[in-house]
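Chains, contacts and geometry: an overview
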Amino acid sequence: MTRLAPPSSAEPESDRTGVDSPADSPTPALWWHARWVAPVSLALGYVLNVLFRLSLVTRQDFPVVSPDEPMYLVMARILAGRPTTQIPNDQVIPAGYSLLISPALRITDDPVFAFHLIMGINALISCLVLPMAYWGLRRLNVSKPVAYIAGTVAVLAPPVVFYSQYAMADTPLPPLVLAWLIGLHGLFSEGGRNSRIRFALLAGFAAGYCLLTHDRGGVIIALTGLVLLGALVFKWAPRIASASALALLAAMFVLKQLMTTWMISRIDGAAPSQVGNAVFETLLNTHLLRRTVMRLIGHLWYFMTSTWGLGAVALVVCVCAVLSPRFTLANRVVAFVMVALLGGVALAAAAGLPNDHRLDTIVYARYLSLLVPAYLVVAVAAVYHVRGWKKTVALGASAGIVTLGLTAALLHMASQQWRESWFIRWGLPDVTFLSSLSAGNWDGFRPVRTTATALIVLAVVLLLRLLGGTRRGALATGAAGLALAVFAGSATVAITYKITKPAVADRLGDGSGFIKAAGIRPGDQLVLDEYVRWELRTTTAYMVIDGRVWIRPMIMKDVPPPPGANVAVLNRTDKEAGLADSWRNAPAGWHVDRLVEDGQYVIWRRG
């Protein structure tokens, strides 16, 4: 099996190690060695990728993923110093992502313009995957040109771009995970004490901010704490470095608790997220064991196919690195946390997701997307360093066996559930695209075709690598990377136009379309009946930036509107009755303002 050795301390980012890389291949063009080339290329690539992302989210004016986007947006609104309002589900989730986008809500009172700014912030954050992936590949002794091409593949990967098109915490997690892994790799590599302290602080901060961003950060912070404690006990790194990282980790944990407490104090009736409790309750329930295992397999299967089999390549390499003393300490530690994080997040998601009869709950895409760039980085490094056709074939065969094994297990355990579950494109973007290449449409879930397409892509990559042999290994890997970059970009565009844009168009009546049709003015204070369409209730909590939203059971329980409300939204349940009959017990001073035909909502105003 290939060995991925870190750069030596004498040459921290040299192009070659002369050990297990294609060292016999011709030297790259000398201009790649100039100091200015890498930073200029990365800056240019970063700008182009930002512009590419922005081109994909034109006319995306409001949140469409409920309740996730509105929850982050409401918290961002409060962090921006604006008045409190109703939060969807009345649960406070980690606010680290909301903090990053909150400047947009300080700049303007226009919810549409603010959402455009948030999409811009998302693009700036998401494209950090490019320099981070490049840095990670250089630490794995991949040459500059190949590292740059592979970084482009990572930043264009559909799971990375797709979730950046929404106001969700999945945007900052991929670059944060890369920074965390690079920090751990630097901490456990040979080098000066000051350098290793800096890497330790990078790892601690990135892990801590993952916790501030999403509950998945709990798995990351637990793994980081375990590894750092091991480093202290076994002296794997300078103790001052490990202790500094642990102290920063503890500080970030305390900060997360303080942010949650402060947020709860600002939102009436809010409580901490119960996701962690749901996970442990399910894991301890033996009656749900089969369902949890089925979902675990489904999530891992989705990850392997959405990374075109390269995720399986990286998994095989990481498992070998953990088990083999031939790998360096830094590589073994990073390999261990990558495998543990993959399994830990997949297990937590399998246990924590509700029983909502959706296909994507069984084969969930989103929660493992944070690891896509990291696994692509390791896979490309493995393809780059592997020598000889036998090892290349063995690597591909191992990855194929993993992917096919997961496919077979999923078909065995979940085929009955598929016939009883809803197919929603948004929850299955990558596999739907892969199966559409052979099926010709996007209207169904086809796991066998998805697996076949993913393995064909992997086979093409490995075939290109084989054609390069030993002497032209770098050139062949670069060619495979270019092909993957084109494929990733094409897939991202296709997914955007088949899934993202239709989802936005379908939700116009819950977003800016409703605000305009309902005649909502700056400063209005809205109360919505709790039986108004759920998506409208959650979206409006964001769309009324300079006012406030309440949800009250005004019809079924005859609860009066809050004293501060001046606009009420109710369903028109009987089209034959007059509009005033939509609220028979309306308090004095309220009158019908208008009817919103799309959705049959009656708008009432006070005064």
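Definitions and cut-offs
- Residues numbered from 1 in each chain as written.
- Predicted model: local features only at pLDDT ≥ 70, side-chain atom pairs only at ≥ 80, totals over all residues.
- Heavy atoms only, no water.
- Helix = DSSP H or I, 4+ residues; strand = E, 2+ residues; numbered from the N terminus.
- Expected span 1.5 Å × (residues − 1).
- Buried < 20%, exposed > 50% of the residue type's maximum accessible area, 1.4 Å probe, protein only.
- Polar contact = N/O pair within 3.5 Å; in protein donor to acceptor, adjacent residues only side chain to side chain.
- Contact = heavy atoms within 4.5 Å.
- Pairing = 2+ DSSP bridges.
- Right-handed = clockwise from strand over helix to strand, strands pointing away.
- 1 Å grid on protein atoms, 1.4 Å probe; cavity = no way out; pocket = protein on both sides within 12 Å on 5 of 7 lines; lining within 4 Å.
- Points joined across faces, edges and corners; volume = space filled by probe spheres on them.
- Nonpolar A, V, L, I, M, F, W, Y, C, P; charged D, E, K, R; others polar.
- pLDDT = per-residue confidence, 0-100.
- Axes fitted to C-alpha atoms, helices over the stretch in contact; angles between N-to-C directions.
- Salt bridge = Lys/Arg side-chain N within 4 Å of Asp/Glu carboxyl O.
- Phe/Tyr/Trp six-rings, centres within 6.5 Å; stacked < 30°, edge-to-face > 60°.
- Core = buried A, V, L, I, M, F, W, Y, C linked by side-chain atoms within 4.5 Å.

1. Quick notes on helix 13 (residues 289-306)
Over its 18 residues, helix 13 runs 26 Å from end to end, which matches the ideal 26 Å to within 8%, given 1.5 Å per residue. Of all 18 residues in helix 13, 13 are buried; the element is thus mostly enclosed.

2. What about the environment of Trp135?
For Trp135, the location among the structural elements is in helix 5 (residues 129-139). Relative accessible area serves as the criterion here: at 27%, Trp135 is assigned to the partly exposed category. Taking the C-alpha atoms as reference points, Trp135 and Val377, 242 residues apart in sequence, are found 9.9 Å from one another.

3. Here's the deal with helix 4 (residues 111-126)
The terminal C-alpha atoms of helix 4 lie 22 Å apart, and with 16 residues this matches the ideal 22 Å at 1.5 Å per residue to within 8%. Those residues of helix 4 that sit buried are Pro111, Ala114, Phe115, Ile118, Met119, Gly120, Ile121, Asn122, Ala123, Ile125 and Ser126. Here helix 4 starts with a cap whose side-chain oxygen sits 3.0 Å from the backbone nitrogen of Val112, and that cap is Asp110.

4. Concerning the side chain of Ser512
Position of Ser512 relative to the elements: it lies in helix 22 (residues 512-517). Since its relative accessible area comes to 18%, Ser512 is described here as buried. Other than its neighbours up to four places away in sequence, Ser512 contacts Asp61, Phe62, Val112 and Met543.

5. Remarks on the pairing of strand 3 (residues 525-529)
In summary, the side chains of a regular strand alternate between the two faces of the sheet. For strand 3, a buried count of 4 out of 5 residues is recorded, marking the element as mostly surrounded by other parts of the structure. As defined by bridge partners, strand 3 adjoins strand 4 (residues 548-552) across 5 bridges and the pair is classed as parallel. Following the sheet pairing, Gln525 is matched in strand 4 by Arg548. Read as a crossover between parallel neighbours, the route from strand 3 over helix 23 (residues 534-543) to strand 4 is right-handed. Across 3 bridges, the pairing between strand 3 and strand 5 (residues 567-571) is parallel. Considered in strand 5, the bridge of Leu526 is made with Val567.

6. Things to note about empty space enclosed by the protein
Taken as a whole and judged by the stated rule, the model has 6 cavities of 30 Å³ or more. Taken as a whole, the largest cavity encloses approximately 240 Å³ of empty space. As for the largest cavity, its lining consists of 19 residues, of which Leu140, His185, Val334, Met338 and Val378 are closest to the centre. By residue class, the composition of the lining of the largest cavity is 15 nonpolar, 3 polar and 1 charged. When its volume is computed, the second largest cavity comes out at roughly 90 Å³. Along the wall of the second largest cavity there are 13 residues; nearest its centre are Val380, Thr477, Ala480, Gly481 and Leu484. Residue composition of the lining of the second largest cavity, by class: 10 nonpolar, 3 polar and no charged.

7. Digging into the confidence of the model for the protein
Summarising the model, the protein shows a mean pLDDT of 92, and 95% of its residues fall at 70 or more. Low pLDDT, under 50, characterises residues 1-28; the stretch is placed with 88 contacts to residues that sit more than four places away or in other chains.

8. Remarks on the layout of surface pockets
In this structure, the second largest pocket occupies an estimated 290 Å³ of space. Lining the second largest pocket are 18 residues; nearest its centre among them are Ile555, Asn571, Thr573, Asp581 and Ser582.

9. Things to note about unusual backbone geometry
The peptide bond linking Ser66 to Pro67 adopts the cis configuration, its omega dihedral lying at 0°. In the Ramachandran plot, Asn141 falls in the positive-phi region, its phi being about 65° despite a non-glycine side chain. Here Asn141 shows up in the loop between helix 5 and helix 6 (144-156). In this structure Asn141 comes out as buried when scored by relative accessible area, which is 0%. In this structure, Trp308 takes a positive phi of about 55° despite not being glycine. Relative to the helices and strands, Trp308 is located in the loop between helix 13 and helix 14 (310-323).

10. Topic: the pairing of strand 6 (residues 590-596)
Sheet analysis places strand 6 next to strand 7 (residues 601-606), joined by 6 bridges and oriented antiparallel. Bridging from a neighbouring strand, Val592 pairs with Trp604 of strand 7. Linkage of strand 6 to strand 7, two consecutive antiparallel strands, is achieved through a turn of 4 residues, within which Gly599 is found at a positive phi near 105°.

11. Overview of the sheet that holds strand 7
The pairing of strands in a sheet happens through backbone hydrogen bonds and is either parallel or antiparallel. Spatial strand order, 4-3-5-7-6: 5 strands in an open sheet with mixed pairing. Since the sheet does not close on itself, it has two edges, and those belong to strand 4 and strand 6, each with one partner. Here the strands of the sheet are splayed against their neighbours by 25° on average, with no regard to which way each runs. Lying on the sheet, helix 23 is in contact with strand 3, strand 4 and strand 7; it crosses strand 3 at an angle near 165°.

12. Brief notes about the pattern of salt bridges
Using the criterion set out here, one finds 13 salt bridges in the structure. Between Asp593 and Arg594 there is a salt bridge, with its nearest N and O atoms 2.8 Å apart. A residue is classified by how much of its surface remains accessible, and Arg594, at 33% relative accessible area, is partly exposed. Three or more residues joined by partner-sharing salt bridges are found here, namely Asp68, Asp170, Arg216 and Arg366.

13. Some thoughts on the packing of aromatic side chains
Summed over the entire model, instances satisfying the criterion amount to 22 aromatic pairs. Judged by centre distance (5.6 Å) and plane angle (80°), the ring pair of Tyr166 and Trp426 falls under edge-to-face. In this pair, Tyr166 is assigned in the loop between helix 7 (158-163) and helix 8 (173-187) and Trp426 in the loop between helix 18 (389-419) and helix 19 (429-439), connecting sequence segments 260 residues apart. This pair shows no difference in class: Tyr166 is buried, exactly as Trp426 is. Ring pairing ties together the aromatic residues Phe162, Tyr163, Tyr166 and Trp426, which thus form one cluster.

14. Things to note about the nonpolar core
The biggest cluster of nonpolar side chains holds 186 residues, and the ones touching the most others in it are Trp180, Phe188, Trp308, Leu342, Leu371 and Phe514. The residues contacting Trp308, other than those within four sequence positions of it, are Val153, Pro158, Leu376, Leu434, Ala454, Val457, Leu458, Leu484, Phe487 and Ala488. Val527, Met554, Ala565 and Trp583 belong to the second-largest nonpolar core, a separate cluster that totals 11 residues.

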